[in-house]
Amino acid sequence: MIAAAIERAGATNLYLLDRSGAVVRVLTQTNSINVGAAFSRDGRMLAFTSDRAGSPQIYVMSVDGGQARRVTYQGNYNTTPSFAPKGDRIAYQGRNGGKFDIYVVSLNGGDPARLTNDDASNQQPCWSPDGRYLVYTAVRGEHSRLYLMQVDGGRVISALTEGNSDDSDPTWSWWLSE
């Protein structure tokens, strides 16, 4: 299955498509913007961003359809959800002042844990297959770089890229190899 944000008649909603592009299921039917779908590892759930509450927030729903459930309530601009491998937590970027930080919230909602708190704008988190790390983009000054962080404790392990380029949009293979 492919989850896609498709705009029709001024509304952007999420659809499930098969590999030929045929619509299998309409997931959201709102006049809001619904984008950024991320599958859980088992493929049964989707996390996504919607502004149906007035500002971008993270929601989850079953790929079988049904009601979407909001999981973020703190912050006024939360986007780019990424499911933990066990499906019990979601990492996302939340705007804090004029920059973004990385947060993790339980699938059931509640108080999020703020993992970054520095001068960078930290964005686009992605879980490692074992759930111990997040790779993410940090914009410092004029350039963005990729960083690796230990989830428990929020300790930055290392910068993965360096130089005067712009590095972004990290994703992790679900296949572990050492």
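An account of the accompanying structure is given in this report. These numbers were taken from a predicted model, which means no experiment stands behind them.

## Details of the sheet that holds strand β9 (residues 89–96)
Taken in spatial order, the four strands line up as β8-β9-β10-β11 in an open sheet, and their pairing is antiparallel. Taken across any chain shown, the strands that pair with only one partner, and hence form the sheet edges, are β8 (78–83) and β11 (109–114). Put simply, the sheet's adjacent strands are angled 30° from each other on average, direction ignored. Inspection of the sheet shows β9 paired to strand β10 (residues 99–106) by eight bridges, in the antiparallel sense. From the neighbouring strand, Tyr92 faces β10, where its bridge partner is Tyr103.

## Topic: the layout of surface pockets
Taken as a whole, the largest pocket spans an internal volume of roughly 380 Å³. Mapped by element, the contributors of at least two residues to the lining of the largest pocket are β4 (34–39), β8 and β12 (121–127). When grouped by side-chain class, the residues that make up the lining of the largest pocket number twelve nonpolar, seven polar and one charged.

Criteria and thresholds
- Residues numbered from 1 in each chain as written.
- Predicted model: local features only at pLDDT ≥ 70, side-chain atom pairs only at ≥ 80, totals over all residues.
- Heavy atoms only, no water.
- Pairing = 2+ DSSP bridges.
- Helix = DSSP H or I, 4+ residues; strand = E, 2+ residues; numbered from the N terminus.
- Axes fitted to C-alpha atoms, helices over the stretch in contact; angles between N-to-C directions.
- 1 Å grid on protein atoms, 1.4 Å probe; cavity = no way out; pocket = protein on both sides within 12 Å on 5 of 7 lines; lining within 4 Å.
- Points joined across faces, edges and corners; volume = space filled by probe spheres on them.
- Nonpolar A, V, L, I, M, F, W, Y, C, P; charged D, E, K, R; others polar.

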